[in-house]
Each structure stands twice: as structure tokens, then as C-alpha cells.
Amino acid sequence: MLLEDYVAVDECRRLKARVRELVDAFDPQSVHSVFSTTRQTQLNDQYFYESGDKIRFFFEDGAFDDNGGLCQSKHDSLNKIGHAMHDLDPVFEAFSRTPKLARTVASLGLTDPGVIQSMYIFKSPGIGGEVTCHQDSTFIYTEPESCIGFWFAIDNATGVNGCMNFVPGAHKTPLRQRNRRLANGQFVIQTIDETPWPSNGWVPAEARAGSLVIFHGRMPHRSGPNNSALSRHAYTLHVIDRQCHYPADNWLQRGDDLPLRGFEQG
Ligand code: FE2
């Protein structure tokens with residue numbers, strides 16, 4: 001579902017300016033954590049797996065040269081920031097917990113929503129990588145499944161700079177995989193259904209800045225690399241029903257000091 005002009009472009013600019021401040025304050029020497037869906041570098045990356053209740057910074061594959069230095073500025077090298085800005089940063093909190101969004105979530109039938117995750121996704125020109133086909137319930141799994149994704153275009157997203165792509169109706173197909181922590185502490189992506197990904201029917205979800213794309217946790221989606229010169233920033237929230245069971249072997253866990261909140265202002 002695409003809701004055009006859901007937030008004012010000024011709000012997008014405010015979020016972008018806040019991200020610039022956060023990245024300015026981030027020391028890239030402190031961490032070399034890469035997020036890549038093609039190489040799955042985040043599997044068993046402790047910095048990643050402990051980021052569910054923090055604000056952490058993840059680089060693009062290819063951000064570093066052979067000597068471990070950044071090939072370009074840190075602002076142009078990041079893949080994303082995650083995963084609790086909506087709870088920890090006042091500017092993100094204000095963007096994420098508006099009465100309008102609370103009403104939208106309520107209209108989708110979620111009676112006890114909890115905002116489990118936030119991500120600021122850069123997909124920067126020239127380096128922003130492909131995101132391979134996946135379902136978000138693979139990573140944000142509840143019993144019964146309740147994950148819904150909210151994807152805000154902060155820049156215009158088009159077929160040229162790597163917009164998202166969906167197959168309308170494919171959210172009715174099975175959940176294929178689950179990301180979980182094994183008893184030995186290792187993280188794996190397990191196949192739970194062999195149904196192949198849709199091979200046709202893909203539709204680009206072009207969205208101008210300020211638009212909101214809402215999609216079901218079982219909706220297969222993907223996006224191409226950003227080979228253009230155009231920035232393609234996006235901000236996502238994932239919401240679950242707090243009445244559903246949240247397994248202890250999900251990758252994303254929160255400390256007791258950061259309980260799962262809905263859309264009430266903090
Ligand atoms: Fe996704």
C-alpha cells in the first residue's frame with residue numbers, strides 16, 4: 001500500500017539533518033561492521049546482533065579498502081543505522097510516534113502495536129548495494145505472525161536509484177525462512193518452506209519523498225543497487241502485535257531497560 005505525501009518534505013529534511021549529526025559524531029574507526037544481504041556478513045556479527053536496543057552504524061560491502069580504510073567519506077559509506085532510534089533519539093521518536101501514524105496503525109487492525117525496530121537506510125549513490133528477495137517476518141517473527149513494515153521515502157525512490165519492488169498479492173504465500181539463534185549461540189537462516197520466490201509479476205514501488213509504503217511481513221520484496229548519482233535514503237519502522245508471542249531465539253532482543261512501546265509519546 002502506497003500512501004503518497006504521508007509526511008511533509010520538511011519532516012524528511014529534519015530527519016536527514018539529524019542523521020547527518022549522528023554520522024558526524026560516529027567514529028568509523030570504532031567499528032567495521034558490514035551489512036550485506038548478498039554475503040550475509042551480519043550473521044554472527046556481535047555488533048549487529050546486540051543492536052536491537054541501540055543506535056549502531058553498519059557499512060556497505062565495499063566501503064573499505066585493503067588496508068581497512070574507508071574508500072570514501074563515512075557519510076557515503078554507510079548501509080544503515082539501526083535499530084532503536086525511535087526509542088533513543090528525540091528527533092526519530094517525534095517522526096516515528098505521530099498521532100497520524102498511530103491512527104494508520106490502528107486502522108490496520110493492530111490493537112496492541114509495539115514498534116520493535118527502526119532503520120535508517122542510505123543506499124548511497126554508487127555504493128548502495130542490492131537487497132536480495134526476502135520477507136520481513138523472517139527476521140521479525142511472532143506467533144502468530146504480526147509483523148508489518150512501514151517504509152518512508154526520505155528521498156525520491158525510483159527505478160533508477162534502487163526503489164523497492166513487490167509482487168502484489170504475494171503476501172499470501174508461505175513464510176520461507178526464519179532467522180534464529182541456535183542453542184549453541186550461532187545465528188542461522190533456516191528454510192521452513194521450499195516455495196520459490198516469485199519469478200514474475202514484480203512491480204517497482206516508486207515513491208516520492210514523504211510517501212509511506214506499508215507492507216505485510218510475508219510480502220516478498222527486494223531492491224536493486226543504486227548505480228545512479230541520486231541519493232535514496234529511506235526510514236523504516238517494523239511493528240508487531242504485543243499480544244503475540246515473541247520468541248527468545250529471534251535475533252532482535254531488547255534489554256529490560258527498553259520495553260517495547262507502542263505509539264504513545266515518550
Ligand atoms: Fe525488508
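Everything below is about the structure shown above.
For clarity, every value in this text was computed on a predicted model and none was experimentally measured.

What counts and how
Residues numbered from 1 in each chain as written. Predicted model: local features only at pLDDT ≥ 70, side-chain atom pairs only at ≥ 80, totals over all residues. Heavy atoms only, no water. Donors = N, O, S within 2.8 Å, 3.2 Å for Na, K, Ca; no water. Buried < 20%, exposed > 50% of the residue type's maximum accessible area, 1.4 Å probe, protein only. Phe/Tyr/Trp six-rings, centres within 6.5 Å; stacked < 30°, edge-to-face > 60°. Helix = DSSP H or I, 4+ residues; strand = E, 2+ residues; numbered from the N terminus. Lys NZ or Arg CZ within 6 Å of the ring centre and 35° of its normal.

Draft legend 1. Inspection of the coordination of the iron ion at higher detail. Donor atoms from the polypeptide that coordinate the iron ion comprise H134 (NE2), D136 (OD) and H221 (NE2), at 2.1 to 2.2 Å from the metal. Owing to a relative accessible area of 3%, H221 belongs among the buried residues under this scheme.

Draft legend 2. Spatial organisation of the packing of aromatic side chains. In total, this model carries 17 aromatic pairs according to the counting rule given. Relative to F59, the ring of F26 has its centre 6.0 Å away and its plane inclined at 40 degrees; by these criteria the two rings are tilted. Within this pair, whereas F26 is found in the loop between α1 (9–25) and α2 (46–49), its partner F59 is found in strand β2 (residues 55–59), the two being separated by 33 residues in sequence. With respect to burial, F26 and F59 carry one shared label: buried. With a centroid separation of 3.4 Å and an interplanar angle of 5 degrees, the aromatic rings of Y49 and F187 are classed as stacked. Here the residue Y49 occupies a position in helix α2, and F187 occupies one in strand β9 (residues 187–191), the gap between them amounting to 138 residues. The exposure class assigned to F187 is buried, which follows from its relative accessible area of 6%. Of the aromatic side chains, those joined through ring pairs into one cluster are Y6, F92, F95, Y120, F122, F152 and Y235. Looking at K100, its charged tip hangs above the ring of Y6, at a distance of 4.3 Å from the centre. Cation over ring: R222 sits above W202, and NZ or CZ is 3.9 Å from the ring centre.

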